[in-house]
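Structure assessment
So you can see what is in the structure, the chains are spelled out below.
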Amino acid sequence: MVLVRMDRLRARLAVPERWAGWVRDGAPVDLQVEAFPGETFHGKVSRINPSVSQDSRTFEAEALLVNLDGA
């Protein structure tokens with residue numbers, strides 16, 4: 001059995017290297033997903049991986065999103 005907390009979700013984001021100066025811990029994030037067209041989910045950056053992928057020239061940032069309604 002796997003238990004998952006649904007009230008708070010994590011989004012792992014591939015951020016282009018050129019945006020590195022704009023991404024900061026606690027910065028607001030607005031996400032849209034295909035499963036909910038026209039709906040925007042709001043969160044905040046919670047973690048930033050400082051290493052850049054040589055293949056894609058991106059780094060990973062993680063955002064936490066509140067999901068109280070279980071969507």
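Look above for the structure.
In short, a report on the structure.

Basis of the calculations
- Residues numbered from 1 in each chain as written.
- Predicted model: local features only at pLDDT ≥ 70, side-chain atom pairs only at ≥ 80, totals over all residues.
- Heavy atoms only, no water.
- Pairing = 2+ DSSP bridges.
- Helix = DSSP H or I, 4+ residues; strand = E, 2+ residues; numbered from the N terminus.
- Axes fitted to C-alpha atoms, helices over the stretch in contact; angles between N-to-C directions.
- 1 Å grid on protein atoms, 1.4 Å probe; cavity = no way out; pocket = protein on both sides within 12 Å on 5 of 7 lines; lining within 4 Å.
- Points joined across faces, edges and corners; volume = space filled by probe spheres on them.
- Nonpolar A, V, L, I, M, F, W, Y, C, P; charged D, E, K, R; others polar.
- Contact = heavy atoms within 4.5 Å.

1. Examining the sheet that holds strand β1 (residues 8–16)
Spatially, 4 strands are ordered β1-β4-β3-β2 in an open sheet, and the strand pairing comes out antiparallel. Among the strands making up the open sheet, the edge pair consists of β1 and β2 (28–31). Recorded for the sheet is a direction-independent mean angle of 40° between the axes of neighbouring strands. Direction of pairing for β2 relative to strand β3 (residues 41–48): antiparallel, over a ladder of 4 bridges. For Pro 28, the partnering residue across the bridge sits in β3 and is Lys 44.

2. A look at the layout of surface pockets
One simple way to see leftover space: roll a probe sized like a water molecule over the atoms. Here the largest pocket defines a volume of roughly 200 Å³. Forming the walls of the largest pocket are Leu 9, Arg 10, Ala 11, Leu 31, Val 33, Phe 36, Phe 41, Leu 65, Val 66, Asn 67 and Ala 71. Elements represented by at least two residues in the lining of the largest pocket include exactly β1 and β4 (58–66). Broken down by element, the residue count for the lining of the largest pocket peaks at 3 residues, all from β1. Of the residues assigned to the lining of the largest pocket, the class counts are 9 nonpolar, 1 polar and 1 charged.

3. A few points about the environment of Pro 28
Tracing the backbone through its elements, the reader meets Pro 28 in strand β2. Remark: the alpha-carbon pair of Pro 28 and Ile 48, spanning 20 residues in sequence, is separated by 13 Å. Excluding residues within four positions of it along the chain, Pro 28 makes contact with Gly 43 and Lys 44.

So yeah, pure geometry; function would need other evidence.
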